[in-house]
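# Residue-level structure breakdown
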Amino acid sequence: MSFTRLNLSPWDGPSALNRRADHREPEVIRRAWQDESAQVIELDPESRFVLEPFGVQASGELSDDLAYLGEIEGTQWFARRVDAINDGVTIRDARLTDMQYQVVSAGLAVLNWIANSQYCPRCGGPLLRTHGGFAAVCNDCGREHFPRTDPAIIVAVLDPDDRIFLAHQMTWAANRVSILAGFVEAGESAENALYREVQEEARLDIAGYRFLGSQPWPFSRSLMLGYVARSRSAGQVDGVELEWGRWYSRDDIDRGVADGTVILPGPGSIAAQIIGAWRQGTLPAPED
């Protein structure tokens, strides 16, 4: 059976989060905060949040440290940075509902941008937040700024025997592996980056590929563009970013996961969804 589409819910269809992009005047946001449905997702600098209960009831005054995310099924959602959440989870490792994924992703993305963008990159003047935190205006030169998104490719490379190439980064915990990934460079298309990254990192030449879908990955501002590709190369990691890598069959993965010699990406990542689809035999083929 041939599959042509990968289920990447909630990122492959209309968003459950209505960002109300055309209605972000201060008075509109103030009314959203005062709505009895209003909830706040609190996130700490390590990107942790409390899963149960998910969100806290809005209370008190609408302050400058709050970002307005939008509305989901009649609930108004805000995000706020807190100092620490000791027993929290991260989007990497937690299993979330579609609603929770979208709230946390939006909250992390905008709070990370706010934390890292305090001054105008053109003149150095202080930035004043607008549109509920999703825009800013320089107090000195008046230039308007918006959150940046950095595109990156992530690709499951398969060989003619349908084995998958997984690699281990130098900075990862022992036995953790994932598929290949890298940022799109300036003046480069996503497909240019796809060919370049797999060649640079693992000496793999691509014979065919298919785009699978995308996922926002707010660590701190990435958009992961997912692919599956075919290669007939032997593969050899660069020894710089990647410490080791090899081809795995499904039986290899099953045995490695069972005995702890293979640790796969957490369930919150597109990498986990792509690898999971390959293990189940439902990953679309790189070529028609």
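Nothing here was measured: the structure is a model prediction, and the numbers come from that model. (Residues numbered from 1 in each chain as written. Predicted model: local features only at pLDDT ≥ 70, side-chain atom pairs only at ≥ 80, totals over all residues. Heavy atoms only, no water.)

### Focus on the side chain of N112
To keep it simple, the criterion reads: To qualify as a helix, a DSSP run of H or I must reach at least 4 residues; to qualify as a strand, a run of E must reach at least 2; elements of each kind are numbered from the N terminus. The buried label goes to any residue with under 20% of its type's maximum accessible area, the exposed label to any with over 50%, and the partly exposed label to all in between, with areas taken from a 1.4 Å probe on protein chains only. Contact definition: two residues touch when any of their heavy atoms are within 4.5 Å.
Turning to its location among the elements, N112 is positioned in helix 2 (residues 98-116). By relative accessible area, N112 is classed as buried at 10%. Leaving out residues up to four positions away in the same chain, N112 has contacts with R81, P218 and S220.

### Comments concerning the layout of surface pockets
What counts here: The distinction between a cavity and a pocket rests on a 1 Å grid over the protein atoms alone: a 1.4 Å probe fits inside a cavity but cannot get out, while a pocket stays open yet meets protein on both sides within 12 Å along at least five of seven lines, and a residue with an atom within 4 Å of a point counts as lining. Grid points are joined across faces, edges and corners, and a volume is the space filled by probe spheres set on the points. Any residue that is not Ala, Val, Leu, Ile, Met, Phe, Trp, Tyr, Cys, Pro, Asp, Glu, Lys or Arg is counted as polar, Gly included; the first ten are nonpolar and the last four charged.
Size it by volume and the largest pocket reaches roughly 740 Å³. Every residue lining the largest pocket is counted, 30 residues in all, and those nearest its centre are R92, Q169, W172, W217 and M224. Where the lining of the largest pocket is concerned, the elements lending two or more residues are strand 8 (150-158), strand 9 (164-169), strand 10 (180-183), helix 3 (190-202), strand 11 (206-217), strand 12 (222-231) and helix 5 (270-280). Sorting elements by how many residues they give to the lining of the largest pocket places strand 10 first, with four residues. Partitioning the lining of the largest pocket into residue classes produces 17 nonpolar, seven polar and six charged. In this model, the second largest pocket occupies a volume close to 420 Å³. If you go around the second largest pocket, you meet 17 residues; those closest to its centre are A272, Q273, G276, A277 and Q280.

### Things to note about the pairing of strand 8
Consecutive side chains of a regular strand alternate in pointing toward one face of the sheet and then the other. Just so we agree on the cut-off: Only strands joined by at least two bridges in the DSSP assignment are considered to pair.
Of all nine residues in strand 8, eight are buried, a share of seventy percent or more. Sheet analysis places strand 8 next to strand 12, joined by nine bridges and oriented parallel. Looking at the pairing, L158 lines up with R230 of strand 12. Two elements, strand 8 and strand 10, share four bridges in a ladder whose sense is antiparallel. Each residue of the ladder has a partner; that of V155, found in strand 10, is L180.

### A closer look at the packing of aromatic side chains
Each aromatic ring pair is characterised by the separation of its centres together with the angle its planes make. Applicable threshold: Aromatic pairs are defined between Phe, Tyr and Trp rings, using the six-membered ring for Trp, whenever the two ring centres lie within 6.5 Å; interplanar angles under 30 degrees are classed as stacked, those over 60 as edge-to-face, and all others as tilted.
A full pass over the atoms with the stated rule returns nine aromatic pairs. A ring pair is formed by F49 and F54, whose centres lie 6.2 Å apart and whose planes are at 90 degrees; its orientation type is edge-to-face. Residue F49 is classed as buried on the basis of its relative accessible area, which comes to 0%. The interplanar angle of 50 degrees and the centroid separation of 5.5 Å between the aromatic rings of F54 and W77 together place this pair among those described as tilted. Here W77 lies in strand 4 (residues 75-81) and F54 lies in the loop between strand 1 (39-43) and strand 2 (56-57), a separation of 23 residues in the sequence. For F54, a relative accessible area of 12% gives the class buried. W77 sits in the buried class, given a relative accessible area of 5%.

### Quick word on helix 5
Among the 11 residues that make up helix 5, eight are buried, leaving the element largely enclosed by the rest of the structure. Listed in full, the buried residues belonging to helix 5 are I270, A271, A272, I274, I275, G276, A277 and W278. As for helix 5, its buried residues are in contact with strand 8, strand 9, strand 11, strand 12, strand 13 (242-248) and helix 4 (250-259). A positive phi of about 80 degrees marks G281, the residue just after helix 5.

### Points about unusual backbone geometry
Trans peptide bonds make up most of the peptide bonds, and negative phi angles are found at most residues other than glycine. Following S9, the chain continues to P10 via a peptide bond in cis, the omega torsion being 10 degrees. For P10, the location among the structural elements is in the segment before helix 1 (26-34). Cis geometry marks the peptide bond from E52 to P53, where omega comes out at 0 degrees. Non-glycine residue R20 carries a positive phi angle of around 50 degrees. Position of R20 relative to the elements: it lies in the segment before helix 1. Under the relative-accessibility criterion, R20 is labelled partly exposed at 24%. The backbone phi angle of N175 is positive, close to 75 degrees, even though this residue is not glycine. As for its placement among the helices and strands, N175 is situated in the loop between strand 9 and strand 10.

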